[in-house]
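# Survey of secondary and tertiary structure
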Amino acid sequence: MSARYLLARLAQAIFLLWGISTIVFVVLRLSGDPVLLLVPQETPPEVVDSIREELGFNAPLLEQYGRFLGRLVQLDFGQSLSYNQPALDVVFDRFPSTLKLAVAAIAFTILTGVPLGILAALHRNSIIDRFALIVALLGTSAPTFWVGILLILLFSVRWQLLPSIGDQGPSSLILPAVTLGIFSTAKISRLTRSAFLEVLRSDFLRTARAKGLRERVVLLRHAAPNTLITLVTVIGLEFALLLGGAVITETVFSWPGIGRLAIQAIGARDYPLVQAIVFVFASLVILVNFLLDLLYPLIDPRIKAR
Amino acid sequence: MDGMPAQTQTLASNLSSKPRRNALTRFRANWPVIIGLLIVLLCAAAAICAPWIAPYAPEQQNLRNQFAAPIGFGGTSEHWLGTDQLGRDILSRLIYGARISLIVGFSAVAISGTVGILLGLISGYYGRWLDAIVMRFVELQLTFPFMLLALLVLAVFGGGLRNIVIVLSIAGWAVYARVLRSEVISTREQLYVEAARSAGVRDARLLARHIFPNVMSSMIVLATFSVAAMIVQESALSFLGLGIPPDQASWGGMLADGRNFLTIAWWLGTLPGLAILAVVLSMNLIGDWLRDVTDPTIRNTR
Amino acid sequence: MVIEQSTTETSLNRRQILKGAGAAGLALTLPGAAAHAQEAGELRVGMGALPPTLDPHLNASGISFATFYQLWDGLTNINGDGELGPGLATEWGYVDDLTFEIKLRDGVTFHNGEAFNADTVKWNVERIIDPEQRSAIRSRLATVESVEVVDPLTVRLILTAPSAVMERALSVVFMIPHLYFEEVGGTEGFVTAPVGTGPFSYAEGAPGDFIQFAANESYWGGAPKLSAVRYLAIPEAGARLAALQSGQVDMIQNVPLFNIEQLRGEGYTIEESVMSRMHVVHMMPGLNEQLADKRVRQAFNYAVDNDLLIESVMQGHAAPSQGQMVGPDGLGFNPNLEAYPYDPDKARQLLEEAGVGEIEITVWTTEGSYIGDKDTNQAIAGFLSDIGVKTNLETIEFANFAERLSADTLDGLNMQGMNYFPMKDAYFVLANYGPTRSYNSIYNNPEFDEVLQASLAELDPDARLELLHQAGEIFREDPPVIFLFQPPDIFALSDRVQNFRARTDARVYLVDVEVAS
């Protein structure tokens, strides 16, 4: 991996963060002036004006944007208007919860999706394959919130096995992680299946068989890198979606993460907080994709990092 | 959001070069697809004929007849599928709901598909700086968690059918652009395209006549999967209170509403849920089938 | 939150598990294995929302009071029946028309040991009335010009005009410790470890997510019987219900109306009380010419079958408005007023007389901001179509709703819950339509303005009540709203919880509550 490559990636990351922050800035400013929402009713107009001044909402839009960029470079998003704390601090307080949830969801996805896909490929067009297909389709057609509520009704209310509110320890991670991951399980099982099918019909399998090697051994050895690459690609693609899904999962499970925070922040028109949340979300997506790119050459030596 | 299987990206695309009879026999052998198509057609018919076949107006309330059960569960033939918390007829709302849900699904796919395909064609064919710009936007879109963007835009600009379709379209276009771009790049290098170009065929014509038809099939497959995903997403937006206005019936909205009554009147959420499930299943079956008949490598092993 | 296993709780549970399920592996999956082990005497409450910031001067929304009253006290106190009584102040009254004297309770200390005295009051009142501080309760003290300390237990408020509502307004003037506040660096530090004089002190928490309270053993009003209280924010109604049913919390606030019977059947106790809040539909006559004619607004009132609405949408858990903005629990309630009866024929006739032609109007609806808001709005739209009014329902997110109201551009019908708690006085709700209104288009009736203004300056209680009644009469005759009902505050309790009573003022009063171990 060359320094040049790293630089290019860094430039790309900066561009993406700038672009996303700008989009959010524009959308928020188009929504109008939040100051009237921030002050109590019956506030005298001159006070409203001075607050507007203080928060910088009365400057020309371009100047506001310039100031915003200037502070963005220093990672200064300002004070959260509803929490009365630095916006970035509020986000980082919640960040570990969301990260934990996302990691657990991905783990669930892989642990269920991959075996299901392999089974389906090995027993193609059999009952198992059909079953896997149906599971996959159910996974894609059931909205996250619906899955979450059903899981709560069954596992928390009916069987009283698992907690359903908040982050109270490892056991409370299970239901939200399953809820968040189930959508991707469907996709990963389908992709694993096709990655395996590709190997099944490839020439080297025929060669290997001719050499008298056991089919399963060959399959696993050759299919593994293929499957891993598929997985890495999909996780990269899905990660942003997964974080988006966290908005809903965290609401259903009262999970103290940034997804729920995002809803509150947008609802309160807490501009600095919204900016900080989107920035952190996007940074995470970029970072994860970068790390996954570094994984490719490790999995398959034929691929070199650019 | 994208419902986009990676193998479509490696799709060889030569639907047109295969004998038609072959596809037909395949179709006959593939009964799930027929069922899928029938379901989709049925929904489309319901959507179109809603005013004539629905027993009630979808917004017509009867506050004295809340939570009437479906027929077979203690209900009467007055309301075949029961009523909701405002005494509205579920069957009528499902029929009218097909309208909005299909409009949301298909128009979001149509818009995002068109935009994505155009940008993908341009980006893949011309390459260089145009390509660089389009690809930066693609990356931007894929990095921005959709749900956050949707929340933000709908909260600020308000919900409603139009805005929801716009938001879903914004979320969808990038995948088309990226897939198409890579296909165009590989097609561009093929002999017949080279030949046409050296024969002096103009760019627009070349794109429209030679390249576009060849990459079309993978786009159709992709679109089929996306329609289903869009319908599910509309439900998620309703859950967050940013969906279609509640008097208009949409399956996603009914499903989201129904969650509050799950333990006291299961039919409110379950029935629209089944409708969504049926359409998503159908679209996926159709998509799978399209993929299989258009992908020669898969066909050989089938 | 912390992820650490509580050893005591796990071992306790293991015995039960071995007995019951026979699988030790399950220990990990049981709620008991969670980080927060419930102590004896602790009450866990599932709330719909928690205030994002714990500075009682900066926020005055209904959801905040449920938290604020645990930590802080007002100078006066209004009890569950709406009667005014002493709080941190013991006596008060006008020395002259422009001087209001307050005698303070002796020997009160904050949770951190800081003394409460006249200096505290002076600092707090000055902070609230300083416009730059953006206090949400500033308007409650709008006529206060300055504060004088007379002696350590006496302060005087110097007013610009006499105010008949001063003593009630003082019930939301929460006292925070100013020395501590400055020591921790102002609001930013204070909200992470707030300190008050209330029955409970702040132990830990995450803003908007959970708060752990500890009992204040030396509370001036008597120590609470509970040892601790844990508030958990559970925004999704179904999840709140599930949390109760699975034993993860002992009681929940804001019970979904349609699940009440089900919960009763499962053995939970339902505690409810109609709130000192009136749900009304604003018609915004200032923004719509057709509605400028009061006959049209009267017609809309006749068109709504309020009893049916309460019976169906609210499942009977609401008290109909008697054609006014307060119920019998509010000072200024006029017993001579009656609700508009349901009379669609009369409504059509009034529309005919007004001669405004066909009416097409937007019905803005929030979702989940007020109990039953979405269904109520849909039902209203239905009633109006019955008299030939064309309605377009639009969902609007609450902030957007508030933004448009502030900008005075919310053209169309919009339902809101208008609070008259915690002061429980008609003036505070009528002021939204009087000379001090924030949105001009909401109402503009000079006669009403005049009477309401007179009531504020009238210090004689009987004469003042007469003026408030009069204002109510004008308001009913020329209504800017469709009068609906007082919504309930509904709690569901497990059998562990004893002595809890729902209140009318959004307070969650826990001093008398006990939990069985």
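Residues numbered from 1 in each chain as written. Chains lettered and ligands numbered in written order. Predicted model: local features only at pLDDT ≥ 70, side-chain atom pairs only at ≥ 80, totals over all residues. Heavy atoms only, no water.

### Some thoughts on the overall build of chain B
To keep things clear, this is the line we draw: Helical segments are the DSSP runs of H or I of at least four residues, strand segments are the runs of E of at least two, and each set is numbered from the N terminus. Summary of the burial criterion: residues with accessible area below 20% of their type's maximum are buried, those above 50% are exposed, and those between are partly exposed, where the area comes from a 1.4 Å probe applied to protein chains only. Note on contacts: a residue pair qualifies if any of its non-hydrogen atoms lie within 4.5 Å across the two residues. Only the protein chains shown count as cover for residues, and the accessible areas themselves come from Shrake-Rupley with a 1.4 Å probe.
From N to C terminus, chain B includes 11 helices and zero strands. Counted from the first residue to the last, chain B has its helices and strands arranged as α-α-α-α-α-α-α-α-α-α-α. Here chain B holds 302 residues, and the buried ones make up 60% of them. Residue pairs at least 24 apart in sequence account for 75% of intrachain contacts in chain B once pairs closer than 6 positions are excluded. Looking at chain B as shown, the accessible area adds up to about 12,300 Å², and 65% of this sits on carbon and sulfur atoms.

### Some remarks on the domain arrangement of chain A
Residue and element names in this part refer to chain A. Applicable threshold: These domain boundaries are the output of an automatic or database domain assignment. What gets called buried area is simply the loss in accessible area from a 1.4 Å probe that two parts show on being joined, summed for both.
Splitting chain A by domain gives domain 1 (3–73) and domain 2 (87–299). Averaged C-alpha coordinates put domain 1 and domain 2 at centres separated by 33 Å. Between domain 1 and domain 2, the residue contacts involve 19 residues of the former and 12 residues of the latter. For the pair domain 1 and domain 2, the two sides together bury roughly 1,400 Å², of which 74% comes from carbon and sulfur. Among the residues domain 1 hides against domain 2, the three largest losses belong to Arg 9, Leu 17 and Leu 28. Together they make up 35% of the total.

### Details of the interface of chain B and chain C
As a reminder, the rule being used: Here a salt bridge means any side-chain nitrogen of Lys or Arg lying within 4 Å of a carboxyl oxygen belonging to Asp or Glu. In the analysis that follows, any N or O atom pair within 3.5 Å is treated as a polar contact, provided that within protein one partner can donate a hydrogen and the other can accept it, and provided that, for residues neighboring in sequence, both atoms belong to side chains.
Tallying the contact residues gives 25 residues for chain B and 21 residues for chain C. Surface buried jointly by chain B and chain C totals about 1,900 Å² across both partners, of which 50% is contributed by carbon and sulfur atoms. Taken together, chain B and chain C are joined by three salt bridges. Linking chain B to chain C there are 11 residue pairs in polar contact (both at pLDDT 80 or more). When contributions to the side of chain B that touches chain C are tallied by element, the ones reaching two or more residues are helix 5 (146–157) and helix 8 (203–239) of chain B.

### Topic: the nonpolar core
Counted only if it meets this: Put simply, buried Ala, Val, Leu, Ile, Met, Phe, Trp, Tyr and Cys residues joined by side-chain atoms within 4.5 Å make one nonpolar core.
In terms of nonpolar packing, the biggest core is built from 163 residues, with Phe 145, Leu 273 and Ile 277 of chain A together with Leu 148 and Trp 251 of chain B touching the most fellow members. Here this core gathers at least three residues from each of two domains, domain 1 (3–73) and domain 2 (87–299) of chain A. Leaving out residues up to four positions away in the same chain, Phe 145 of chain A has contacts with Ile 248 and Val 252 of chain A together with Ser 235, Ala 236, Phe 239, Leu 255, Ala 256 and Arg 259 of chain B. One finds Val 144, Val 165, Tyr 268 and Trp 364 of chain C within the second-largest nonpolar core, a separate group that totals 162 residues.

### Some points on the sheet that holds strand 12 (residues 269–274) of chain C
All names here are of chain C. Our working rule: If DSSP finds at least two bridges between two strands, the strands pair. Only the contacting stretch of a helix is used when fitting its axis, a line to C-alpha atoms as for every element, and angles between N-to-C directions run 0 to 180 degrees.
Pairing in this open sheet of seven strands is mixed, and the strands run 8-9-10-1-11-19-12 from one edge to the other. The sheet is open, and its two borders are formed by strand 8 (200–206) and strand 12, each paired with just one other strand. With direction set aside, neighbouring strand axes in the sheet form an average angle of 20 degrees. Across six bridges, strand 1 (residues 42–47) lies against strand 10 (residues 228–233) in parallel orientation. When the sheet's bridge partners are listed, Gly 46 is paired in strand 10 with Leu 232. Helix 7 (residues 237–245) rests against strand 1, strand 11 (251–253) and strand 19 (488–493) of the sheet, and its axis sits at about 165 degrees to strand 11.

### Description of the packing of aromatic side chains
What counts is decided by this rule: Note on aromatic contacts: the rings of Phe and Tyr and the six-membered ring of Trp form a pair at centre separations within 6.5 Å, being stacked when their planes are under 30 degrees apart, edge-to-face when over 60 apart, and tilted otherwise. Distance and angle both matter: a charge sits over a ring if NZ of Lys or CZ of Arg is within 6 Å of the ring centre and within 35 degrees of the ring normal.
Tallying each qualifying case throughout the model produces 43 aromatic pairs over all chains. For the ring pair Phe 155 of chain A and Trp 159 of chain A, a centre distance of 5.4 Å and an interplane angle of 80 degrees mean the geometry is edge-to-face. Phe 155 of chain A gets classed as partly exposed once you look at its relative accessible area, which sits at 26%. Classification of Trp 159 of chain A by relative accessible area gives partly exposed; the value is 47%. Ring centres 5.5 Å apart and planes at 50 degrees place the aromatic pair Phe 181 of chain C and Phe 190 of chain C in the tilted group. Each member of the pair, Phe 181 of chain C together with Phe 190 of chain C, is buried. The structure contains a cluster of three or more aromatic residues connected by ring pairs, namely Phe 65, Phe 68, Tyr 69, Trp 72, Trp 123, Phe 174, Tyr 180, Phe 181, Phe 190 and Phe 421 of chain C. Over the face of the ring belonging to Tyr 340 of chain C we find Arg 476 of chain C, whose NZ or CZ atom lies 4.2 Å from the ring centre.

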